[in-house]
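Structure at a glance
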Amino acid sequence: MRSNRGYAAFLIPGALLSLVVIVVPLLMNVGISFTRWQGVGTPEWIGLDNYTRLLEDENFWASFRNIIFLIVAMAVVPTLIGLVLAAVLFDYVAKEIGPRTASALRSGFYLPQVLPVAVTGIVWGWILNPSFGALNAILTNAGLDGLAKNWLGDPAYALYSVMVVMIWFQVGYPVVMFMSGLQRVDPELYEAASIDGAGWWRRFTRIAIHQIKPEIYVVLVTTTIAALKIFGQIFVLTRGGPGNATLVPSYFAYQNFFEKAQVGYGSAIATVLALIIVVLSMLFLRIQARDEQKDAA
Amino acid sequence: MRLLAPPLNFRVHSRGGRRRRRAAAVAVLAAASLVLAACGADSDDSAGGGDGKTLKLWHYEGATSAMGVAWTEAIKQFEASHPGVKVQFEPKGFEQIRQSAGMILNSDEAPDIMEYNKGNATAGLLSKQGLLTDLSEEAGKRGWDKIGPSLQTTSKYDAEGIMGDGKWYGVPNYAEYVMVYYNKDLFAKHKVAVPTTLAEFETAMDTFAKAGVTPLSVGGAEYPAQQIFYELALSKASRSFVDSFELYKGKVDFKGPELTYAANTFADWVKKGYIAKNSAGIKAEDMGVAFTQGKFPMVISGSWWYGRFVSEAKFQWGTFLFPGNTLHPGSGGNIWVVPKNAKNKSLAYDFIDITMKPEIQNLLGNSGGVPVLADPAAITDAKSKELIDNFTKVTSSDGLAFYPDWPAPGYYDVLVAGVQHLINGTKSPDAVLDEIAKPYNDNLTSLGK
Amino acid sequence: MNRALRPAILATLTALVLLVLSPFALVAVNAVKSPDEYATDGPLSLPNGLHLEGIADFWIRVDFGEKLFNSFLIAGSVAVLAVIVSVLNAYALGIGRVRGRYAFLVFFLLANLLPQEALVYPLYYMSKEVGLYNSQIAVVIIFTAIQSAFGTYLLSSVYATFPREMLEAAAIDGAGKVRTLWRVVVPISWPSLSVLFTFFFIWTWNEFFLPLVFLISNDKQTVPVALGVLQGDRLMDATTTSASALLGILPAVLFFLIFQRTLSRGVMSGAIK
């Protein structure tokens, strides 16, 4: 009954922008991945050589293995923690203690996202320093010497340390998103449910989570993608080391682009990464779309 | 439904009214800012267009560093001797230049003269791509080639972008080298004398280790650890090893005496507690700060720390060259380059000339830096004298051996990773040598050697 | 809810927040230390008094006021433009249900999916061609595209659940598509728009990599790029870095605090009945 035709016009500015800024460079990037190039001068066509080299490169596989861990640290854990925190802040703190306290707490959790990445690296370097870092100082003072490890320098712990930093960094984003979504929930629904005898937990899972499904999907997708693309924090915390214990695809690509001046190889890495991200996103979107259809029905 | 419509609209309206005004204000702000940004792009200063009226100069040395002080004076002298010419100086970030130099020099935004990193992967690469001006003629005319031969290595690059022989593409204004800084107070406290041979050095470190003090402050997350590794290799090396390793003049055997000694001894030092087992995660900055805090009696690193220790270390300290070596890591410092797209080249040459004058070089020396053409008698500052005397000792025996990460682009990360394995004990010295040999040899192959 | 639980919950939350904010305390502590103190006592000690010369020197050295202005300009422009583009896109995809909306969504999301390193060389060459290299407009355009990708995705997800009754009511009142957008959709989704605006501003403010590549002249650079000046080849100035970090965060934090009041304003509820 609604004419869907007129709506297409609204897409024009966005589509143009995306085309010029994103799609064209993407295609160029794919093109460069079939060449050997140092960034200046003319690229030299070498076909699929970069890709075959990638498949044999242990750094490449290591970087993707590490990413799986980082997805847990940046998508799964923050979303779960974010849900709980948002619910508590919105439902309990705002109502029982005051909306301003809830806002203040929310801002506190979000602040790590505002700190420049370079400073994040320096500060966490101070905290995790094996000799005189804050963490080990506290552990030693508490008599837990054995737990005072070489957090960023020992390959056994480096990735886990980075994961903790990323949870710290990421948790505020879901909290803000979910709290904003929770505002959409009609309080009448809650009242109706509690009249029916539902406790807080059931109201939370049946109503709140259901209503903020769009936000949950968005948060999961965007944090997963952010995890796949992570670069800045690895750069300042560990530079991908020790060894390749914390190497990630974006940093690996960066090394080739800018430090080794192997732009073709770097483009191949970036193309593979982009492909994986696109496929994953499409999967997510499919699931989300089907879920929405189910709801609408 | 109809009954609800008016309140619906009403509510939307009243909110909409306030929202609309705010939205309109924001839209106006957006438009205004776009216009401003556009103006920003237009008023782009292309004033330095070969008219000989401005010199666009970039460097990334801190204002209080020796180079910063000397070059600020040079700017003053330049403007005095070139009336009507203004120096448009922009202090740059090292990271930005390192990352974007190629892009910048390939565009209209190139400056007239800029400080740039010496080495095959940087200056060599740019010269190969034709982005730098050939300075050979000027170097000869103006006597810049009076600096010693090992300092000239980083100025000249051949057609393949390899340093050593070839045309002049850069001029070093200062030099740097690696030495051992030591805490005199801690040495006295533990009754340790300044070592003169490698054996004495190990004994000294042993004394500290047995007293529960880790002798060396090491930054394993960045460049310092690999420089110690290199020092060890150099203790068994000759000039021809350096020529092979750095300049590809011969084949490098990664299982040869120099590098096997380095790997084995380094691992040994970790085992004996001379190098802390947890130093793989320590950054260079934290390594230096730990030394100034008096936590470690020694730190093996470069002359770039000198000025900082002078102002920040609260204890008596001194330096000595790595005992027993004739070869030491070090080289000419970052070089002045003149981009091909520079608009005021002769002004650039004049400026380089001024920075090479004895007056400026002496100022550099007295401010805690290592000059390339200073008059030793004119160095009056006592601590600087010590620094420069040691350097003269190195250059007079042709002892500058450059740095271990130079031979291949990205080799820095390879070495950091390799040495971290030695510190953590996660790979045997033999395996580490294999690991660092591969990218080196791959690079040689791609160079067609 | 049990009265006794209340202080327990509050205490836990406060402890958590303080834990999360402790790195900031470290930054603040080191920002007012003199380099001597830092060298002698290390980064974890408390400063003896306030040493503000470092900040003052840094401010003058990089002309920080100018950098703040640049950052504000770029982040602000991007935030506004990206929200506008997102709304337009999401309107068509979420409410208009344009055909092929799934493909369009992926197309728009692409901007957010690509690693920035992949885009740099092509964008560099393209911007040189049109003379926009070393211009703030190029940076604004690029980030508008990137941020609006996220905005399109979020908003179209939210708009997909937009109450149909309101749209129909507006249609019955004779509103066309543009009027419905302006008078109904935008006001109701204002909290989401505010969130987007805030995110876009902060994300763009903190962007380092692309401005580093595209903004060459010092007078065009932003705060994060200016901070990079302090990180040398081998030496770093930790106290000034901390000080300038604080300076750099303050505007973003202020912005967030101001705008999050808008986030708290409740959306109209119960109108559906």
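1. A word on the overall build of chain C
Along the backbone of chain C there are 13 helices and 0 strands. Walking chain C from its N terminus toward its C terminus, one meets helices and strands in the order α-α-α-α-α-α-α-α-α-α-α-α-α. Oriented by its inertia axes, the alpha-carbon framework of chain C measures out at about 75 × 70 × 25 Å. Among the 273 residues that make up chain C, the fraction classed as buried is 57%. Here the contacts in chain C between residues at least 6 apart in sequence split such that 75% fall between residues at least 24 apart.

2. With respect to the overall build of chain A
Broken down by element type, chain A carries 14 helices and 2 strands. Each principal axis of the C-alpha distribution contributes one length, and for chain A these read about 70 × 70 × 30 Å. Split into buried and exposed, the 297 residues of chain A put 51% on the buried side.

3. Comments concerning helix 14 (residues 345-356) of chain B
Since the α-helix advances by 3.6 residues per turn, residues separated by three or four positions end up pointing in the same direction. Helix length check: helix 14 of chain B, at 12 residues, gives a terminal C-alpha distance of 17 Å against a target of 16 Å (1.5 Å per residue), a fit within 8%. Turning to helix 14 of chain B, its buried residues are L347, A348, Y349, F351, I352, I354, T355 and M356 of chain B.

4. Some points on unusual backbone geometry
Residues and elements named next belong to chain B. The backbone of K191 sits at a positive phi, close to 55°, despite the residue not being glycine. Its place among the elements puts K191 in the loop between helix 7 (184-189) and helix 8 (198-210). By the C-beta count within 10 Å, which is 8 here, K191 ends up exposed.

5. What to know about the pairing of strand 7 (residues 174-183) of chain B
Residues and elements named next belong to chain B. Within strand 7, 10 of the 10 residues are buried, which leaves it mostly tucked inside the rest of the structure. Side chains Y174, E176, V178, V180 and Y182 project from strand 7 onto one buried face, and the interleaved A175, Y177, M179, Y181 and N183 project onto a second face that is buried too. Of the strand pairs in this sheet, strand 7 and strand 13 (residues 370-371) are connected by 2 bridges, and their pairing is antiparallel. Each bridged residue has a counterpart across the sheet, and for Y174 the counterpart in strand 13 is P371.

6. Focus on the environment of A149 of chain C
Residues and elements named next belong to chain C. Take A149: it is sitting in helix 7 (residues 136-160). Between the C-alpha atoms of A149 and L119, which are 30 residues apart in sequence, the distance is 15 Å. If sequence neighbours within four positions are ignored, A149 has contacts with F108, L109, L110, A111 and N112.

7. Some words on the confidence of the model for chain C
All names here are of chain C. For chain C, the mean per-residue pLDDT works out to 82, and 92% of the residues sit at or above 70. In the model of chain C, helix 13 (residues 238-264) stands out as the element of lowest mean pLDDT, 73, in contrast to helix 4 (residues 64-95), which has the highest, 92. For this predicted complex, the interface score ipTM comes out at 0.79, alongside a pTM of 0.82.

8. Here we look at the interface of chain A and chain C
Contact with chain A, which involves 81 residues of that partner, is made by 82 residues of chain C. Grouping the amino acids of the side of chain A that touches chain C by side-chain chemistry returns 57 nonpolar, 18 polar and 6 charged.

9. With respect to the pairing of strand 1 (residues 54-59) of chain B
Side chains on a regular strand alternate between the two faces of the sheet. Residues and elements named next belong to chain B. Where burial is concerned, most of strand 1 is hidden: 5 out of the 6 residues are buried. As paired strands, strand 1 and strand 2 (residues 86-91) are joined by 6 bridges and run parallel to one another. Within strand 2, the position partnered with L55 by the bridge is V87. Each parallel crossover has a hand, and for strand 1 linked through helix 2 (residues 66-81) to strand 2 it is right-handed. As judged from the 2 bridges shared by strand 1 and strand 3 (residues 113-116), these two strands associate in the parallel manner. Across the sheet, the residue bridging to L57 is I113, located in strand 3.

10. Here we look at the sheet that holds strand 1 of chain B
Sheet strands pair via backbone hydrogen bonds, and the direction of the pair is either parallel or antiparallel. An order of 2-1-3-12-6 (chain B) is seen for the 5 strands of this open sheet, with the pairing classed as mixed. What marks the edges here is a single partner per strand, and that holds for strand 2 and strand 6 (171-172) of chain B.

11. Section: the environment of V299 of chain B
Residue and element names in this part refer to chain B. Tracing the chain through its elements places V299 in strand 9 (residues 298-302). Expressed as a C-alpha distance, the spacing of V299 and S81, which sit 218 residues apart in the sequence, is 43 Å. Apart from residues no more than four positions distant in its own chain, V299 is found in contact with Y181, L216, S217, M287, G288 and F291.

12. Concerning helix 12 (residues 284-292) of chain B
Residues and elements named next belong to chain B. A large share of helix 12 lies buried, amounting to 9 of its 9 residues. Buried within helix 12 we find A284, E285, D286, M287, G288, V289, A290, F291 and T292. One or two positions beyond helix 12, positive phi appears at G294, with a value near 80°.

13. Regarding the packing of helix 4 (residues 99-110) of chain A against helix 1 (residues 5-31) of chain C
For the pair helix 4 of chain A and helix 1 of chain C, interaxial distance at closest approach is 8 Å and the crossing angle is 30°. Considering only the axes of helix 4 of chain A and helix 1 of chain C, their crossing is left-handed. On helix 1 of chain C, the residues that touch L105, G108 and F109 of chain A of helix 4 of chain A are L13, V17, V20 and L21 of chain C. Partitioned by chemical class, the residues of the contact of helix 4 of chain A with helix 1 of chain C number 6 nonpolar, 1 polar and no charged.

14. What about the packing of helix 14 (residues 263-296) of chain A against helix 6 (residues 116-129) of chain C?
Taken N-terminus to C-terminus, the directions of helix 14 of chain A and helix 6 of chain C make an angle of 130°; their axes are 9 Å apart at the nearest point. It follows from the interaxial angle that helix 14 of chain A and helix 6 of chain C lie oblique. Regarding helix 14 of chain A and helix 6 of chain C, the two cross each other, and that crossing is left-handed. Residues V263, G266, S267, A270 and A274 of chain A of helix 14 of chain A pack against E117, A118 and Y121 of chain C of helix 6 of chain C. Of the residues that constitute the contact of helix 14 of chain A with helix 6 of chain C, the class distribution is 5 nonpolar, 2 polar and 1 charged.

15. What to know about the environment of V242 of chain B
Residues and elements named next belong to chain B. Within the secondary structure, V242 is located in helix 10 (residues 239-247). A count of 22 C-beta atoms within 10 Å places V242 in the buried class. Spatially, the C-alpha atoms of V242 and A63 are 34 Å apart, while their sequence positions differ by 179 residues. What V242 contacts, discounting residues up to four positions off in sequence, is A237, L327 and A401.

Thresholds, definitions, all that
Residues numbered from 1 in each chain as written. Chains lettered and ligands numbered in written order. Predicted model: local features only at pLDDT ≥ 70, side-chain atom pairs only at ≥ 80, totals over all residues. Helix = DSSP H or I, 4+ residues; strand = E, 2+ residues; numbered from the N terminus. Buried ≥ 20, exposed ≤ 12 C-beta atoms within 10 Å, placed from the backbone. Contact = placed C-beta atoms within 7 Å. Expected span 1.5 Å × (residues − 1). Pairing = 2+ DSSP bridges. pLDDT = per-residue confidence, 0-100. Nonpolar A, V, L, I, M, F, W, Y, C, P; charged D, E, K, R; others polar. Right-handed = clockwise from strand over helix to strand, strands pointing away. Axes fitted to C-alpha atoms, helices over the stretch in contact; angles between N-to-C directions. Left-handed = near helix turned anticlockwise from the far one by under 90°. Parallel < 35°, antiparallel > 145°, perpendicular 65-115°, else oblique.

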